[in-house]
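Inside the fold
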Amino acid sequence: MSTTHDDILLRLDRIESRDEIRQLISKYSLALDMRDLDAMAGLFVPDVKAGRDTYGRQAFRDWLDDTMRKQFDGTSHHVGTTIIELTGPDEAVGIVYSKNEHETGPEWVIMQMMYYDHYKRVDGRWCFARRQPLYWYATDLNKPPIGARKIRWPGREPYEGSFHALFPSWKEYWDRSGPNEGAIAEPAPLEEFIETMRRGQTVSGIRVR
């Protein structure tokens, strides 16, 4: 099978797009941890949603400034498992694991979470269109989060996160009393692994502060 000039350009664009998105993800962690909120806002699309009813980079910067100032002294975000799938020439989705540490007053809280991301290329640059956080646990460094309601911030009632909520397989696995006796599903099409696993599932009402 011959490879045309256009095919090569398309493949190069996909490689470069994935690399730029990986850089975008890491830039998010650095900008957030260094509290450079102008740099952070610039990683998002110009009409990013900020909080419940406001939009735009300035509104997002102000919302994040208030959120971080109220909750944390210092933070460190460590990016882990990352899947990026291009859904169009200028759009992509991603799953990004993040292991985070938070200095919050007299306690040190560790967290395991993932982001369900939507990316968009705007004026030649990849940006976050949306980052949806899905939490597994947050707890004092010396208090392993065994049991239910694993989100345990100092001075607050524990509550459930949404780490597994986007993917139906988690609940289905524990609802079964033994192995799955159904036929094995076909492998997901290329660039559709995340959305095939998600099966249209959405998560709303996630508590972020």
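For the structure itself, look to the data block above.
Read on for a plain summary of the structure. On a predicted model such as this, the values are computed, not experimentally measured, just so you know.

Once that is clear, we can look at the packing of aromatic side chains. Taken as a whole, this structure holds 13 aromatic pairs when the rule is applied. Each ring, one from Y28 and one from F128, has its centre 5.6 Å from the other, and the planes form 75 degrees; the classification is edge-to-face. Pair noted here: Y28 is in helix α1 (residues 5–33) and F128 is in strand β6 (residues 125–140), with a separation of 100 residues, a long-range link. F128 matches Y28 in its accessibility class, with the two residues each being buried. Ring geometry for Y173 and W174: centres 5.0 Å apart, planes at 85 degrees, overall edge-to-face. Ring pairing ties together the aromatic residues Y28, F44, F60, W63, Y115, Y119 and F128, which thus form one cluster. The residue whose ring lies beneath R131 is Y28, and the NZ or CZ to ring-centre distance is 4.4 Å. Over the ring of Y115 we find R131; its NZ or CZ atom is 3.8 Å from the centre of that ring.

With that out of the way, let us pick up the pattern of salt bridges. According to the stated counting rule, one finds 12 salt bridges in the structure shown. With a shortest N-O distance of 2.7 Å, R14 and E191 are connected by a salt bridge. With R14 in helix α1 and E191 in the loop between α4 (169–175) and α5 (193–198), this pair connects stretches of sequence that are 177 residues apart. Judged by its relative accessible area of 28%, R14 is partly exposed. With relative accessibility at 18%, the residue E191 sits in the buried group. Residues joined by salt bridges that share partners form a network here, namely D13, D90 and R121.

Calculation notes
Residues numbered from 1 in each chain as written. Predicted model: local features only at pLDDT ≥ 70, side-chain atom pairs only at ≥ 80, totals over all residues. Heavy atoms only, no water. Phe/Tyr/Trp six-rings, centres within 6.5 Å; stacked < 30°, edge-to-face > 60°. Helix = DSSP H or I, 4+ residues; strand = E, 2+ residues; numbered from the N terminus. Buried < 20%, exposed > 50% of the residue type's maximum accessible area, 1.4 Å probe, protein only. Lys NZ or Arg CZ within 6 Å of the ring centre and 35° of its normal. Salt bridge = Lys/Arg side-chain N within 4 Å of Asp/Glu carboxyl O.

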